[in-house]
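# Chain and residue survey
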Amino acid sequence: GLGGVGKTMLAIEYGWRHRHAYKGVWWLRAETSQTLLDDLIDLGADALAIAGLRDIAERDRAAAHVLRQIENSPAEKPWLLIYDNVERPEQLDGLTPRENAHILITSRWSDFYGEADQLKLGLFTRKESIDFLVETTGREDHDGAGRLAESLGDLPLALEQAVAYLRGVRSMSFADYIARQSELLQKAPRGALGKRRDPVWELYT
């Protein structure tokens, strides 16, 4: 899906709802090879308690050791590993375990060449946007909600951020938000985006 349609938030929600089906859930920032290796090593050192892992100079070798540990240590439940913001499928070559884990990927890339089951996310319809704004803010201004939805392109994440701000500033109308939209979209209201950059294994076990 496009940026802003809520891929990351949906992955977080899936992990939370299904956490009891897994030994653990771990978040991997996959936008670069550096962040992905960092988070695989954190998984091995913090969750799998692999001694001396961070002392291995070759980070790709350390990450491979983590994957082998998962593959060779079958448990009653698999792991859920969430690879967030993958740019292209080949980024993951050799960086996913072959056994004992389920893999969830978020990406703007539209074709994984049959290597993954795909769920494409789109924009809200205008009615969905208006209903979301009205119901979650408690405001009855449907016309104003429609104008705000149009200005935000019906992007779920942008709408969620607007709602978080409007709920905190009860005196602000939809029209007021539109007037300050450029400024306010640069801010991340508390609770609007969650802990999207933090490993979540401790939350989900």
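Residues numbered from 1 in each chain as written. Predicted model: local features only at pLDDT ≥ 70, side-chain atom pairs only at ≥ 80, totals over all residues. Heavy atoms only, no water.

## Focus on the packing of aromatic side chains
For the structure shown, the criterion picks out two aromatic pairs. With centroids separated by 6.0 Å and ring planes inclined at 70°, the aromatic side chains of Phe124 and Phe132 adopt a geometry described as edge-to-face. Sitting above the plane of the Trp16 ring, Arg19 keeps its charged end 3.5 Å from the centroid. (Phe/Tyr/Trp six-rings, centres within 6.5 Å; stacked < 30°, edge-to-face > 60°. Lys NZ or Arg CZ within 6 Å of the ring centre and 35° of its normal.)

## Some points on helix 6 (residues 156-168)
The end-to-end C-alpha distance of helix 6 is 18 Å, a good match for the 18 Å that 13 residues give at a rise of 1.5 Å each. Of all the positions in helix 6, only Pro156, Leu157, Ala158, Leu159, Gln161, Ala162, Val163, Tyr165 and Leu166 are classed as buried. In this fold, the buried residues of helix 6 make contact with helix 1 (7-17), helix 4 (126-137), helix 5 (142-151), helix 7 (174-179) and helix 8 (181-184). (Helix = DSSP H or I, 4+ residues; strand = E, 2+ residues; numbered from the N terminus. Expected span 1.5 Å × (residues − 1). Buried < 20%, exposed > 50% of the residue type's maximum accessible area, 1.4 Å probe, protein only. Contact = heavy atoms within 4.5 Å.)

## Points about the sheet that holds strand 2 (residues 79-86)
As summarised here, the arrangement of the three strands in space is 1-2-3, forming an open sheet in which the pairing is parallel. Across the chains shown, the open sheet's two edge strands, defined by having one partner strand only, are strand 1 (25-29) and strand 3 (101-107). Mean inter-strand twist for the sheet, computed between neighbouring axes without regard to direction, equals 20°. Pairing between strand 1 and strand 2: five bridges, direction parallel. Pairing of Arg29 across the sheet is with Asp84, part of strand 2. The strands touched by helix 2 (residues 33-47) are strand 1 and strand 2; relative to strand 1, the strand with the most contacts, the crossing angle is about 155°. (Pairing = 2+ DSSP bridges. Axes fitted to C-alpha atoms, helices over the stretch in contact; angles between N-to-C directions.)

## Digging into the environment of Glu115
Along the chain, Glu115 turns up in the loop between strand 3 and helix 4. Residue classification places Glu115 among the exposed residues on the basis of a relative accessible area of 68%. A sequence separation of 26 residues divides Glu115 from Pro89, and the C-alpha atoms of the two residues are 8.8 Å apart.

## Digging into the nonpolar core
With 26 residues, the main nonpolar core has Leu36, Leu40, Leu43, Trp79, Leu81 and Tyr83 as its most contacted residues. Residue assignment for this core shows that the elements contributing at least two residues are strand 1, helix 2, helix 3 (59-72) and strand 2. Counting residues per element, this core draws most heavily on helix 2, which supplies seven residues. Tyr83 has contacts with Leu28, Ala30, Leu36, Leu40, Leu92, Leu95, Thr96, Pro97, Ile103, Leu104, Ile105 and Thr106, leaving out every residue within four places of it along the chain. If you look at the next biggest cluster of nonpolar residues, it comprises 17 residues, including Val134, Ala145, Val163 and Phe174. (Core = buried A, V, L, I, M, F, W, Y, C linked by side-chain atoms within 4.5 Å.)

## A closer look at the confidence of the model for the protein chain
Across the protein chain, the average pLDDT comes to 85, with 87% of residues at or above 70. Low pLDDT, under 50, characterises residues 189-205; the predicted model gives this stretch 37 contacts beyond four residues in sequence or across chains. (pLDDT = per-residue confidence, 0-100.)

## Points about the environment of Leu43
Mapped onto the elements, Leu43 comes out in helix 2. Sequence spacing of Leu43 and Val66 is 23 residues, and the spatial spacing of their C-alpha atoms is 7.5 Å. In this structure, Leu43 is in contact with Trp26, Leu48, Val66, Ile70, Trp79 and Leu81, ignoring residues within four places of it in sequence.

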